Amino acid sequence: MELEQFRSVWQQYSPEPDDLDRRNRSIATLIAAERVNSHKHGISKSIRNTGYVGLTMMPLAVLLYLMDLGPLWFAIVYALFGLGDAIYCFHFASQIDKSDYFAMPTVDALAAARRFVKKLVRSKIICFLLSLPIVVYLFVYFGRTGQTDIVIGGCVGGCVGLAIGIRKIVNELRHARSIVSEFECDE
């Protein structure tokens, strides 16, 4: 092959720098979208699982009442808290699944992702504050009845549950902050 033929063949198969740049940006956007979708899926799944736990509180409330472990009004409050938590979690997970950050401009996507992180943190704080009176009441109620084995079991369960809850919240926030960081790089 002569040098001129080699040059002409090379120029035919050599892409233009603008074409390469466009392809690179397209691939980078696809990779970022995959990472964001992966993080969204992780958060959504975690929150949906919390909703399932909330649903289990309704039958537990019935057991609390039937086994004379608490008054009727407390069983109702316990069940309503579980139902409210489940509804909120399923709705929030649905919102996460429906959000499409790549359909909006980067500035709007970044603002939406930051609002999402704030909403996630706010919902965790509100849920904790609403559940605190229920837990305190249970400890006081069983403490007054002299059932120390239940109080000790509640303390152990509370510590284990707190550790699991903190780990879960940290994981959800890590996913949420990763979504925000994807858009902060583009800014």
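Re helix 4 (residues 106-144)
Then, number 1: Along its 39 residues, helix 4 runs 57 Å from first to last C-alpha, staying within 8% of the 57 Å computed at 1.5 Å per residue.
Then, number 2: Of all bends in helix 4, the biggest is about 30 degrees, found at Ser 131, and the proline Pro 133 comes one to four residues later.
Then, number 3: All of the buried residues in helix 4 are Ala 109, Leu 110, Ala 112, Ala 113, Phe 116, Val 117, Leu 120, Ser 123, Ser 131, Ile 134 and Phe 142.
Then, number 4: Gly 146 sits one or two residues past helix 4 and shows a positive phi near 80 degrees.

Topic: the packing of helix 3 (residues 72-98) against helix 4
Then, number 1: Helix 4 packs onto helix 3 with a crossing angle of 170 degrees between their chain directions and a minimal axis gap of 11 Å. Classified by the angle their axes make, helix 3 and helix 4 are roughly antiparallel. Classified by chirality, the crossing of helix 4 by helix 3 is left-handed. Only Phe 116, Lys 119, Leu 120, Ser 123, Cys 127, Leu 130, Ser 131, Ile 134, Tyr 137 and Leu 138 of helix 4 make contact with helix 3, whose side of the interface consists of Trp 73, Phe 74, Tyr 78, Phe 81, Asp 85, Tyr 88, Phe 92, Gln 95 and Ile 96.
Then, number 2: Classifying every residue of the contact of helix 3 with helix 4 by side-chain character gives 14 nonpolar, 3 polar and 2 charged.

Observations regarding the layout of surface pockets
Then, number 1: Roughly 1700 Å³ of volume is contained in the largest pocket.
Then, number 2: Forming the boundary of the largest pocket are 48 residues, of which Cys 127, Phe 128, Ser 131, Val 135 and Gly 161 lie nearest the centre.
Then, number 3: For the lining of the largest pocket, the secondary-structure elements that each account for two or more residues are helix 2 (17-66), helix 3, helix 4 and helix 5 (148-186).
Then, number 4: Per element, the largest residue contribution to the lining of the largest pocket is 18 residues, and it comes from helix 4.
Then, number 5: Grouping the constituent residues of the lining of the largest pocket by class yields 31 nonpolar, 12 polar and 5 charged.

Reading the values: the criteria
Residues numbered from 1 in each chain as written. Predicted model: local features only at pLDDT ≥ 70, side-chain atom pairs only at ≥ 80, totals over all residues. Heavy atoms only, no water. Helix = DSSP H or I, 4+ residues; strand = E, 2+ residues; numbered from the N terminus. Expected span 1.5 Å × (residues − 1). Bend = angle between axes of the 7 residues up to and from the residue. Buried < 20%, exposed > 50% of the residue type's maximum accessible area, 1.4 Å probe, protein only. Axes fitted to C-alpha atoms, helices over the stretch in contact; angles between N-to-C directions. Parallel < 35°, antiparallel > 145°, perpendicular 65-115°, else oblique. Left-handed = near helix turned anticlockwise from the far one by under 90°. Contact = heavy atoms within 4.5 Å. Nonpolar A, V, L, I, M, F, W, Y, C, P; charged D, E, K, R; others polar. 1 Å grid on protein atoms, 1.4 Å probe; cavity = no way out; pocket = protein on both sides within 12 Å on 5 of 7 lines; lining within 4 Å. Points joined across faces, edges and corners; volume = space filled by probe spheres on them.

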